[in-house]
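Understanding the architecture of this molecule
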Amino acid sequence: MERRRIEFVIAENPPKRLDKAVSRDVPEEATLSRTRLARLIDEGALSVDGQVVRDPKARVEAGAVIAVTVEEASDSHIGPEDIPLDVVFEDDDLIVVNKPAGMVVHPAPGTPSGTLVNALMHHCGDNLSGVGGVKRPGIVHRIDKETSGLLVVAKSDVAHQGLAAQFERHTVERYYRAVCYGVPDANDPRLRGVKGASFETGNILKLTTQLARHKTDRQRQAVLFQGGRHAVTRARIVEPFGNPPVAALIECWLETGRTHQIRVHMAHAGHGLIGDPTYGGKRKLPVKALSEKALAAVQAFPRQALHAAVLGFTHPVSGETVRFEAPLPQDMQDLLEVLRGAKG
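In what follows, the accompanying structure is described. Please read these numbers as outputs of a predicted model, since none were measured by experiment.

**Concerning the overall build of the chain**
Counting its secondary structure elements, the chain contains 8 helices and 18 strands. Dimensions along the principal axes, computed over C-alpha positions, put the chain at roughly 80 × 45 × 40 Å. In the chain, buried positions account for 47% of the 344 residues. A fraction of 65% describes how many contacts in the chain between residues 6 or more apart in sequence connect residues 24 or more apart. Accessible area for the chain stands at about 16,900 Å²; split by element, carbon and sulfur atoms hold 48% of it. Considering the chain, the positive charge centre built from 44 side chains and the negative charge centre built from 42 side chains are found 10 Å apart.

**Quick look at the packing of aromatic side chains**
The geometry of an aromatic ring pair is captured by two quantities: the separation of the ring centres and the angle between the planes. One pass over the structure, following the stated rule, counts 3 aromatic pairs. Look at Phe89 and Phe324: their rings are 5.4 Å apart centre to centre, the planes differ by 35 degrees, and that puts the pair in the tilted class. Linking Phe89 in strand β6 (residues 87-90) with Phe324 in strand β18 (residues 321-325), this pair joins segments that are 235 residues apart in sequence. According to the relative accessible area criterion, Phe324 is buried, its value standing at 10%. For the pair Phe313 and Phe324, a centre-to-centre distance of 6.1 Å together with 40 degrees between the ring planes defines the contact as tilted. You can see Phe313 sitting in strand β17 (residues 306-314) and its partner Phe324 sitting in strand β18, a full 11 residues away along the chain. According to the relative accessible area criterion, Phe313 is buried, its value standing at 3%. Put simply, the rings of Phe89, Phe313 and Phe324 touch in pairs and so form one group of aromatic residues.

**Some remarks on the sheet that holds strand β2 (residues 46-48)**
Taken in spatial order, the 4 strands line up as β1-β4-β2-β3 in an open sheet, and their pairing is antiparallel. Strands at the two margins of the open sheet, each flanked by one partner only, are β1 (3-9) and β3 (51-52). Pairing geometry for β2 and β3, over 2 bridges, is antiparallel. Bridged to Ser47 within β3 is Val52.

**Some points on the nonpolar core**
Formed by 36 residues in total, the largest nonpolar core has its most connected members in Leu116, Tyr176, Leu205, Ile250, Ile262, Met266 and Leu273. Counting residues in hydrophobic clusters, the runner-up holds 22 residues, among them Ile10, Ala21, Val22 and Leu32.

**What to know about helix α1 (residues 18-25)**
For α1, the full list of buried residues reads Leu18, Asp19, Ala21, Val22 and Asp25. Take α1 and look down its axis: the buried residues cluster within an arc of 165 degrees, on one side only.

**Observations regarding the pairing of strand β7 (residues 94-99)**
Of all 6 residues making up β7, 6 are buried, and the element is well covered by its neighbours. Because side chains alternate across β7, one face comprises the buried residues Leu94, Val96 and Asn98, and the other comprises Ile95, Val97 and Lys99, equally buried. Pairing geometry for β6 and β7, over 3 bridges, is antiparallel. Each bridged residue has a counterpart across the sheet, and for Glu90 the counterpart in β7 is Ile95. The loop that links β6 with its antiparallel partner β7 comprises 3 residues. Where β7 and strand β10 (residues 148-154) come together, 6 bridges link them in antiparallel fashion. Each residue of the ladder has a partner; that of Lys99, found in β10, is Gly149.

**Thoughts on the pattern of salt bridges**
A full pass over the atoms with the stated rule returns 17 salt bridges. Linking Glu251 and Arg236 is a salt bridge whose minimum nitrogen-to-oxygen distance equals 2.9 Å. Pair noted here: Glu251 is in strand β16 (residues 247-254) and Arg236 is in strand β15 (residues 229-241), with a separation of 15 residues, a long-range link. The exposure class assigned to Arg236 is partly exposed, which follows from its relative accessible area of 30%. For Arg340, the salt bridge identified is with Glu239, shortest N-O distance 3.0 Å. Taken together, the positions of Arg340 in helix α8 (residues 330-341) and Glu239 in strand β15 put the pair 101 residues apart, joining distant regions of the chain. Connected through shared salt-bridge partners, Asp144, Arg263 and Asp276 make up one network.

**Overview of the environment of Lys99**
For Lys99, the position within the fold is in strand β7. Note on Lys99: relative accessible area 1%, which makes it buried. Spatially, the C-alpha atom of Lys99 lies 18 Å from that of Asp276, the residues being 177 residues apart in sequence. The contacts of Lys99, once residues within four sequence positions are left out, are Val105, Ile143, Asp144, Lys145, Thr147, Ser148, Gly149 and Leu151. At 3.3 Å, the side chain of Lys99 and the backbone oxygen of Asp144 are in polar contact.

Analysis parameters
- Residues numbered from 1 in each chain as written.
- Predicted model: local features only at pLDDT ≥ 70, side-chain atom pairs only at ≥ 80, totals over all residues.
- Heavy atoms only, no water.
- Helix = DSSP H or I, 4+ residues; strand = E, 2+ residues; numbered from the N terminus.
- Buried < 20%, exposed > 50% of the residue type's maximum accessible area, 1.4 Å probe, protein only.
- Contact = heavy atoms within 4.5 Å.
- Areas by Shrake-Rupley, 256 points an atom, 1.4 Å probe, with all protein chains shown as cover.
- Lys, Arg positive; Asp, Glu negative; His and termini not counted.
- Charge placed at Lys NZ, Arg CZ, Asp CG, Glu CD.
- Phe/Tyr/Trp six-rings, centres within 6.5 Å; stacked < 30°, edge-to-face > 60°.
- Pairing = 2+ DSSP bridges.
- Core = buried A, V, L, I, M, F, W, Y, C linked by side-chain atoms within 4.5 Å.
- Arc of directions from axis to C-beta.
- Salt bridge = Lys/Arg side-chain N within 4 Å of Asp/Glu carboxyl O.
- Polar contact = N/O pair within 3.5 Å; in protein donor to acceptor, adjacent residues only side chain to side chain.

Shown next as structure tokens:
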């Protein structure tokens, strides 16, 4: 196993903890994340003035010489698979893909193959410089298996760190398109009575709650108002359908990024997504509001009608602001076409 040695000096006024000090002062070109540095300290791969230190809380003074021994990136245990990808953008540091519905992002016990990561391992080949010490794509965010749309994936450690920091700060622009039951309108008195729901200028629905894993169903998330993780979703009506309106194309955007956030929030508001097997359910719509063809299309839609349409961020290497858009997939376009034909 090849190794490289990185040496640097702790600058003035260092943080009290060793792990924080080295994270602050490690050269940028070393492309070592805080997580990777913490692991190296634990493994005894870091020395201070020639002495190995394994305690991340150890004190370190300005002027101390830090040496880190890093093993070069090893091959991942995840196998490459020749699966077609819709690549929207790619350079040496990152790749943006338009994921189809039905594809899992990362291998797991239930889906060890056929995932986006397997496809990226084949597509990128030797162009992966190593994320966390392993030649693999750096997943900084995910979308559900049956949700389609845009994902950015890091190909290098420096891109992984930069992208992860932006997602942590919630500065990434993410807009989704969805088709929901009902019309989330500020004039609906029922909706104004939903806890956590409010409206902003422009008829924008804002949902503010806590989210946590459901107590009895581990595959679901649950809305809470104490405990859990803070979650904020905004949504606006793009187009209503039916006479009277009984469904709508909506645009949603995230202030936070929690598991199933849009799906569970819209269901909490009483506007679950069409086709969502976990939160949306199969609702009976008024027969006279839509045509028989439209009613059948809504009932038969096989997945949550949710698409990650817009993704914008600061390129972690070039510093350029980039923004990508992905059109609605064919199944959602077909659903909208039928619904439009059913308007009164």
